[in-house]
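Coordinate analysis (summary)
Residues per chain, in single letters:
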Amino acid sequence: MIDEAQLVEQLKSETHREQAFRTLITLYKERLYWHIRNIVKSHDDTDDVLQNTFIKIYKNIHNFKGDSKLFSWMYRIATNESITFINQNAKKSQITSEEAQSSAINKLTSDVYFEGDAIQLQLQKAIATLPRKQQLVFNMKYFQDLKYSEISDILETSEGALKTSYHIAVKKIETYLAQN
């Protein structure tokens, strides 16, 4: 198993870049897929955003300074690409990003890749009622089981603020589920 520092070094090296990038994709593709999927909802849209994320990582790896973990840096790119995707789709459809997300959730039932039941669908609807940052924090903590320190690196927010955001999100979701 290659360590992160070696991988970054190889990604920045012209001679090892292609092989290192294939390794990077193998190591992180599934985790990034589910992170993006929790934001954009649709499998097909997730594939598009994931591809854009890896292109951006490939083009910008030389800008990675190592101040955070490679994983955190890539998650930040994936998060930003996902939000940009939602905002662009909303703009094209002349609706708000909240309406675009609500529409994506309503389409989940016809998504052959969505394996959730009615309860999972209700949870997705509850999450969609949260402000964007609370959605991100909740998804990363609840579905991906990331540590607050990792989420802090990805979202560039203090751990205390994240804990508060997560707690508020959980309360809002509980209230939504109790009422629906």
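The following paragraphs examine the structure supplied in this document. (Residues numbered from 1 in each chain as written. Predicted model: local features only at pLDDT ≥ 70, side-chain atom pairs only at ≥ 80, totals over all residues. Heavy atoms only, no water.)

Attention now moves to the overall build of the chain. Helix and strand counts for the chain come out as 9 helices and 0 strands. When the helices and strands of the chain are placed in sequence order, the string is α-α-α-α-α-α-α-α-α. Burial statistics for the chain: of 180 residues in total, 44% are counted as buried. Sequence-distant contacts, at least 24 apart, represent 61% of the contacts inside the chain between residues at least 6 apart. Roughly 10,200 Å² of accessible area belongs to the chain as shown, and the carbon and sulfur atoms make up 49% of that amount. (Helix = DSSP H or I, 4+ residues; strand = E, 2+ residues; numbered from the N terminus. Buried < 20%, exposed > 50% of the residue type's maximum accessible area, 1.4 Å probe, protein only. Contact = heavy atoms within 4.5 Å. Areas by Shrake-Rupley, 256 points an atom, 1.4 Å probe, with all protein chains shown as cover.)

Take helix α8 (residues 148–155) next. Within α8, 6 of the 8 residues are buried, which leaves the element mostly enclosed by the surrounding structure. Three or more residues of α8 are buried, namely Tyr148, Glu150, Ile151, Ser152, Ile154 and Leu155. Lining the buried residues of α8 we find α4 (70–93), α7 (132–143) and α9 (159–179).

Moving on: the side chain of Gln144. Note on placement: Gln144 falls in the loop between α7 and α8. Polar side-chain contacts of Gln144 include one of 3.3 Å to the side chain of His35. Discounting chain neighbours no more than four positions away, the residues touching Gln144 are Trp34, His35, Asn38, Tyr75 and Asn139. (Polar contact = N/O pair within 3.5 Å; in protein donor to acceptor, adjacent residues only side chain to side chain.)

This next bit is on helix α1 (residues 4–12). Of all the residues in α1, the buried ones are Leu7, Val8 and Leu11. Here the buried residues of α1 occupy an arc of 100° about the axis, which is enough to place them on one side. Among the exposed residues of α1, those oriented more than 90 degrees off its buried face are Ala5 and Glu9. Tucked inside the fold, the buried residues of α1 contact α2 (17–40) and α4. (Arc of directions from axis to C-beta.)

Turning next to the environment of Phe54. Its location among the elements puts Phe54 in helix α3 (residues 43–60). A residue is classified by how much of its surface remains accessible, and Phe54, at 8% relative accessible area, is buried. Put simply, Phe54 and Leu32 are 22 residues apart on the chain and 9.6 Å apart in space, counted from C-alpha to C-alpha.

Judged by nonpolar contacts, the single largest core of 46 residues is most densely connected at Leu24, Leu32, Ile57 and Leu70. In terms of residues, this core owes the most to one element, α4, which gives 10 residues. Residues within four places of Ile57 in sequence aside, it is in contact with Phe21, Leu24, Leu32, Trp73, Met74 and Ile77. (Core = buried A, V, L, I, M, F, W, Y, C linked by side-chain atoms within 4.5 Å.)

What follows concerns the environment of Ile61. Checked against the element boundaries, Ile61 lands in the loop between α3 and α4. Apart from the residues within four sequence positions on either side, Ile61 is in contact with Leu11, Lys12, Arg17, Leu70 and Trp73.

Counted according to the given criterion, the structure contains 3 salt bridges. Lys56 is paired through a salt bridge with Glu81; the nearest N and O atoms lie 2.8 Å apart. Taken as a pair, Lys56 in helix α3 and Glu81 in helix α4 lie far apart in primary sequence, 25 residues in all. For Lys56, a relative accessible area of 37% puts it in the partly exposed group. Note on Glu81: relative accessible area 14%, which makes it buried. (Salt bridge = Lys/Arg side-chain N within 4 Å of Asp/Glu carboxyl O.)

Within the element layout of this structure, Arg37 appears in helix α2. There is a polar contact of 2.5 Å between the side chain of Arg37 and the backbone oxygen of Lys41.

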